[in-house]
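Structural overview
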Amino acid sequence: MRGSGMTDVVSIREVGPRDGLQNEDPVPAEAKVQLLDALSGTGVRRIEAVSFVHPKAIPQMADADEVWAAATKAPGVRYSALVPNSRGTQRALAAGFTEIEVVVSASDTHNRKNLNRSTAESLDDITALIQAGHKAGASVEVIVATSFGCPYEGDVDPRRVAGIVERVLADGADRVAFGDTTGMATPRRVRELLDVVPREAPILLHFHNTRGTGLANILTALELGVREFDASIGGLGGCPYAPGASGNVATEEVVHMLHDMGVDTGIDLDALLEAAALAERIVGRTLPSGVLRAGPRTRLTPVH
């Protein structure tokens, strides 16, 4: 939906259990389940739970089947799984997922680093993957990584991204997401991309705060009518194939900003902060979330 006005309802997909934890030292399956269950109780309505990738590629996700089998499936929460290929798709479908995601990079170099094939080759694979998902009754989201820039190639022409979107929509993709894989997006580049990409299917934006522009990018996208965003508890995450690309936007920072603007997310900020503190304990390091450190702006300091 295009427009200059602010939307009053925003949907946030929590990606910490997958995108976040895949960039940490491996944590036990029971800790992953604990985090998933905590997030399911915050009011968030979409969670990216696991990814079905080869253990040699992402060992942190080697226990995806175990984690998903043990997790509580909360009513009203939609859970999705990331898949790299047809084999991963079959594993996700067998595990009972009805929403799957697949990634292709707009940058050919990043796609080869990430998936060991060209962008064009990945798009051919995605065609078959969409068909397989639909045959099993699952929806398929295509995530276009490096939509706002590539750490190897630099700027990515928005028209190249638009061409990829046109292809996957023609192949039947149910929704499209745009990944700021290494935190290269700025408000200017958000506008440039949204001005040219097709908007026939629902779209979602995935920003990193690597260079401090995450919330500004979300605000810009909101002004342009986007209402779906990814965020990661505590600011967990990054890209294992792009050194220095740490830092998804923290879910609690996004929710804190939106609620103060009068934008409804349906998420309980206090419960979210408890989940962020849990995530910090699980990974054993200080997470970058400012709201986790300072608390919400309504938290007052006692006068002594």
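Now for a quick tour of the structure. Residue indices begin from 1 for each chain and proceed along its sequence in written order. With the structure being a predicted model, the display of local features is reserved for residues of pLDDT at least 70 and the display and counting of side-chain atom pairs for 80 or more, all residues being used for whole-chain, interface and lining totals. Side-chain numbers come from the whole structure's heavy atoms, not from hydrogens or water.

Some thoughts on the sheet that holds strand S3 (residues 78–83)
Defined as follows: We call two strands paired when DSSP finds no fewer than two bridges between them. Counting from the N terminus, the helices are the DSSP runs of H or I reaching at least four residues and the strands are the DSSP runs of E reaching at least two. Between N-to-C directions, angles span 0 to 180 degrees; the directions come from axes that are lines fitted to C-alpha atoms, helices contributing only their stretch in contact. Here a residue-residue contact requires only that any non-hydrogen atoms of the pair lie within 4.5 Å.
Taking strand neighbours around the barrel as the criterion, the 8 strands line up as S1-S2-S3-S4-S5-S6-S7-S8 in a closed arrangement whose pairing is parallel. Neighbour-to-neighbour, the strand axes of the sheet open up by a mean angle of 30°, direction not taken into account. Sheet topology places strand S5 (residues 139–145) next to strand S6 (residues 175–179); 4 bridges connect them, and they run parallel. Bridge pairing in S6 links valine 144 to phenylalanine 178. Packing against the sheet, helix H4 (residues 86–94) makes contact with S3 and strand S4 (99–105), and its axis sits at approximately 155° to S3.

Observations concerning the packing of aromatic side chains
For clarity, the cut-off: Ring geometry is summarised as follows: Phe, Tyr and Trp rings, the Trp one being its six-membered ring, pair when their centres sit within 6.5 Å, and such pairs are stacked at plane angles under 30 degrees, edge-to-face over 60 and tilted between the two. Each residue's exposure class comes from its accessible area (1.4 Å probe, protein chains only) as a fraction of the maximum for that residue type: buried when under 20%, exposed when over 50%, partly exposed otherwise. Here, a charge over a ring is recorded when the distance from Lys NZ or Arg CZ to the ring centre is within 6 Å and its angle to the ring normal is within 35 degrees.
All told, the structure shown has 4 aromatic pairs when counted by the stated rule. Their ring planes at 75° and their centres at 5.9 Å tell us that phenylalanine 52 and phenylalanine 97 sit as a pair that is edge-to-face. Of the two residues, phenylalanine 52 is situated in the loop between strand S2 (46–51) and helix H3 (64–70) and phenylalanine 97 in the loop between H4 and S4; the sequence distance between them amounts to 45 residues. Exposure class is identical for phenylalanine 52 and phenylalanine 97. Each is buried. One aromatic cluster is present, formed by Phe52, Trp68, Tyr79 and Phe97 through successive ring pairs. In this structure, lysine 73 packs its charged tip against the face of tryptophan 68, placed 4.4 Å from the ring centre.

Digging into the nonpolar core
Cut-off, in case you're wondering: Definition of nonpolar core: a set of buried residues of the types Ala, Val, Leu, Ile, Met, Phe, Trp, Tyr and Cys, connected through side-chain atoms within 4.5 Å.
Counting 87 residues, the largest nonpolar core has Phe97 and Phe178 as its most contacted members. Take this core: its biggest share by element is 9 residues, from helix H11 (residues 269–283). Setting aside anything within four residues of it in sequence, one finds phenylalanine 97 in contact with Ala49, Val50, Phe52, Trp68, Tyr79, Ser80, Ala81, Ala92 and Ala138.

Considerations on the pattern of salt bridges
To be explicit about the condition: Any Lys or Arg side-chain nitrogen located within 4 Å of an Asp or Glu carboxyl oxygen qualifies as a salt bridge.
Counted by the stated rule, this structure contains 23 salt bridges. The partner of arginine 13 in a salt bridge is aspartate 230, and the shortest N-O contact between them spans 2.7 Å. Of this pair, arginine 13 sits in strand S1 (residues 11–14) while aspartate 230 is found in strand S8 (residues 228–231), placing the two residues 217 residues apart along the sequence. Aspartate 230 shares its class with arginine 13; the two are buried. The network of salt bridges with shared partners includes Arg13, Arg46, Arg78, Glu99, Glu101, Glu141, Arg175, Glu228 and Asp230.

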